[in-house]
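Chain and residue survey
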Amino acid sequence: MTDQVSLEKSSAATPAAGGRATWALAGIVVGLAGLATSYLTVRLFDLEPQPVVAVLDRVRDLAPGDVANWARENLGKASKPITTVATLAILFAVFGAIGRLGRRHSGFAVLGFAALAVIGGASVLGENGTKTTDLLPVVVGFVTWGLAFGAVATRLERFDEIAATDPLDPAYDTSRRGFLMAVGVVAGLAGLSGVIGRFAVGGRVPRLNQERRLLRLSATTPVVPEGARFDVVGAQPWMTRVDDFYLIDTSFSRPVILAEEWSLRIHGMVEKELTITYADLLERELTEQWVTLNCVSNEVGGDLIGNAWWSGVLLAPLLAEAGVSPEADAVLQTSSDGWNCGTPLAALTDPERGAMLAVAMNGEPLTREHGYPVRTLVPGLYGYVSATKWVVDFEVTRFSDFSAYWTDRGWSELGPVKMASRIEVPANGADLPAGTVVVAGHAWHQHTGIRGVEIAVDGGAWQPAELAESPTIDSWVQWKALLELPAGEHAVKVRAIDLAGEVQTGAVAGVLPDGSTGWHQIGFRVG
Ligand SMILES: Nc1nc2c(c(=O)[nH]1)N[C@H]1C(S)=C(S)[C@@H](COP(=O)(O)O)O[C@H]1N2
Ligand SMILES: [Mo]
């Protein structure tokens, strides 16, 4: 009886022995070690993609359109980190479960790890342009899992055995230490692999950054045209700095493409297939223009918009060289990361529109985030149907013959930009001192142009705001108005009128399927 009691006490005091939690912990530590050695392999051999990133890409692609749209709308920028954390949480739970399976038989655990390796391998092969050699990190990870689990499980079994029979046996401590040592060694290996992978290896990103720094393009430094800006404090600058330019893409690990590795294949319904290299592009004349790019997911008053000085090679002459078939009406553009979109052929071949393969933004080579080395830019179309970053493939085709990433998820096939306007100053809910109130913002209808902006105060009549100059119909226009208002609460709304004479609609529409509409309105207090 006393023995019984002391045994219970002893196992309560050392939950490590025989506990499911201990086996789960063993599974998690071993799981981590496999991820770490696989990561190290990726880094040592400059392989793409990392298996975990490939899995994240599959999670993204397999998520139903409703889920993707919900995340896009409600999580916005956070949707990638949240997907990553959630996927990793599931992965760690699976590692724990595998550890517990291993308590019955190590073979079960190995099977569990094998299943994960198969998912990882299939995900890697599901990425754009991967080869069987890209499976090496998965193999290394799996071997690590097998060996490490074997080492840890043998010691944990021994410890369990002694703890269950005679916890007072001096072998109890030895076996316990043996187990902890094994776990420690595996954890140490994991940490070391992670650190070496992270820091000790050059890798491709620093190489890309170096190449970008040394690249001398004939792109010119932008000069904001005289009269385009009012410099109202608190309003957005007319030219958006690259670092402040919104970022939207589906990529969990943005492609790293060096200039000499890049090429664009133009094929499909053409007379002559073309492959254009970066050197070919630089031999051509660079066209430069101000273009405002915005996202179809931009809500009324939202900030998924920016205006930059773009330098690139015009697409119309390139497509003319390829000789597009009169039967074709679309180009299916594909990025090196597999994302794709369909663009109306007419917008790309229109000599007036200036659709380009852009190589520079605000006078500097594109950043990796914005599509280095080459992205497409088509004035007047939302990004999701036109502005392919890391673009590598142009298939001249027909809209009736394909669907693309976002059209698969319920977004409209055509994405012409809708007219919109935004109040940037004062901030919504601001408390302003008595005196003149400055209201200011931007209005845009790319490739149509803005003729005027009107505001209405406290539900009153529309009155014209002052419009800054705009060098082109493809960029947004600043506007401002000075108001003398009595103390108290006020509301201001804004609408634009385009150069075609159309008045911006007040009908409220959400971003799905082809862009939001409605007047932006804010409230503030004076005095
Ligand atoms: N390769 C790739 N290109 C892409 C996307 C993407 O997900 N992948 N998103 C598009 C969308 S929806 C927009 S709005 C613009 C945004 O470009 P930016 O990130 O340079 O602002 O890129 C477009 N090009
Ligand atoms: Mo977008």
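Residues numbered from 1 in each chain as written. Chains lettered and ligands numbered in written order. Predicted model: local features only at pLDDT ≥ 70, side-chain atom pairs only at ≥ 80, totals over all residues. Heavy atoms only, no water.

What follows deals with the packing of helix 6 (residues 106-125) against helix 7 (residues 136-165). Between helix 6 and helix 7, the least distance of the axes is 10 Å, while the angle of their chain directions is 165 degrees. Comparing their axes, helix 7 and helix 6 come out roughly antiparallel. Between helix 6 and helix 7 lies a crossing of right-handed hand. Contacts from S106, A109, V110, F113, A114, L116, A117, G120, G121 and V124 of helix 6 reach helix 7 at V138, F142, W145, F149, A153 and E157. Residue classes in the contact of helix 6 with helix 7 are distributed as 12 nonpolar, 3 polar and 1 charged. (Axes fitted to C-alpha atoms, helices over the stretch in contact; angles between N-to-C directions. Helix = DSSP H or I, 4+ residues; strand = E, 2+ residues; numbered from the N terminus. Parallel < 35°, antiparallel > 145°, perpendicular 65-115°, else oblique. Left-handed = near helix turned anticlockwise from the far one by under 90°. Contact = heavy atoms within 4.5 Å. Nonpolar A, V, L, I, M, F, W, Y, C, P; charged D, E, K, R; others polar.)

Y246, T250, H370, R375 and K389 are the nearest of the 19 residues found near ligand 1. One of the backbone nitrogen or oxygen atoms of Y246 is found 2.6 Å away from an oxygen atom of ligand 1. For ligand 1, a nitrogen atom lies 3.1 Å from a polar atom in the side chain of S335. Isolated, ligand 1 exposes 530 Å² of accessible area, and the fraction of that covered by the protein chains is 100%. Considered class by class, the residues forming the shell around ligand 1 number 10 nonpolar, 5 polar and 4 charged. (Near = heavy atom within 4 Å. Polar contact = N/O pair within 3.5 Å; in protein donor to acceptor, adjacent residues only side chain to side chain. Areas by Shrake-Rupley, 256 points an atom, 1.4 Å probe, with all protein chains shown as cover.)

With that settled, consider the sheet that holds strand 2 (residues 274-277). As summarised here, the arrangement of the 5 strands in space is 2-1-10-5-6, forming an open sheet in which the pairing is mixed. Single-partner strands in this sheet number two, and they are strand 2 and strand 6 (340-344). Shown here is a sheet whose adjacent strand axes are inclined to one another by a mean of 20 degrees, direction ignored. Relative to strand 10 (residues 391-397), strand 5 (residues 330-335) runs antiparallel, the two being bridged by 6 bridges. Note that in strand 10 the partner of V331 across the bridge is V396. Docked against the sheet, helix 11 (residues 315-322) engages strand 1 (263-268), strand 2 and strand 10, running at close to 140 degrees with respect to strand 2. (Pairing = 2+ DSSP bridges.)

Attention now moves to the environment of T37. The residue T37 is located in helix 2 (residues 20-44) in this model. Sequence-wise, T37 and R241 are 204 residues apart; in three dimensions their C-alpha atoms are separated by 39 Å. Sequence-distant contacts of T37, defined by excluding residues within four places in its chain, comprise V140, G141, T144 and S193. At a separation of 3.2 Å, a polar atom in the side chain of T37 contacts the main-chain carbonyl oxygen of G34.

At the junction of E48 and P49, the peptide bond is cis and its omega measures out at -5 degrees in the coordinates. Within the fold, P49 resides in the loop between helix 2 and helix 3 (51-62). Even without being glycine, D46 reaches a positive phi, approximately 50 degrees. Positive phi values are uncommon outside glycine, yet D458 reaches one of about 50 degrees. With respect to the element layout, D458 can be found in the loop between strand 14 (450-457) and strand 15 (462-464).

Turning our eyes to something else, we now look at the packing of aromatic side chains. Inspection of the entire model under this criterion finds 18 aromatic pairs. Aromatic pair W290 and W309: ring centres 5.2 Å apart, planes at 50 degrees, arrangement tilted. Of this pair, W290 sits in strand 3 (residues 287-294) while W309 sits in strand 4 (residues 305-314), placing them 19 residues apart in sequence. Take W309: its relative accessible area is 15%, and that puts it in the buried class. Relative to W476, the ring of W444 lies with its centre 6.2 Å away and its plane at 50 degrees, an arrangement referred to as tilted. Remark: W476 occurs in the loop between strand 16 (466-467) and strand 17 (477-484) and W444 occurs in strand 13 (residues 436-444); sequence separation between them is 32 residues. The aromatic ring of W406 is capped on one face by R72, whose charged end is 4.1 Å from the ring centroid. Of note, R72 hangs over the ring of W411, and the distance from its end group to the ring centre comes to 4.9 Å. (Phe/Tyr/Trp six-rings, centres within 6.5 Å; stacked < 30°, edge-to-face > 60°. Buried < 20%, exposed > 50% of the residue type's maximum accessible area, 1.4 Å probe, protein only. Lys NZ or Arg CZ within 6 Å of the ring centre and 35° of its normal.)

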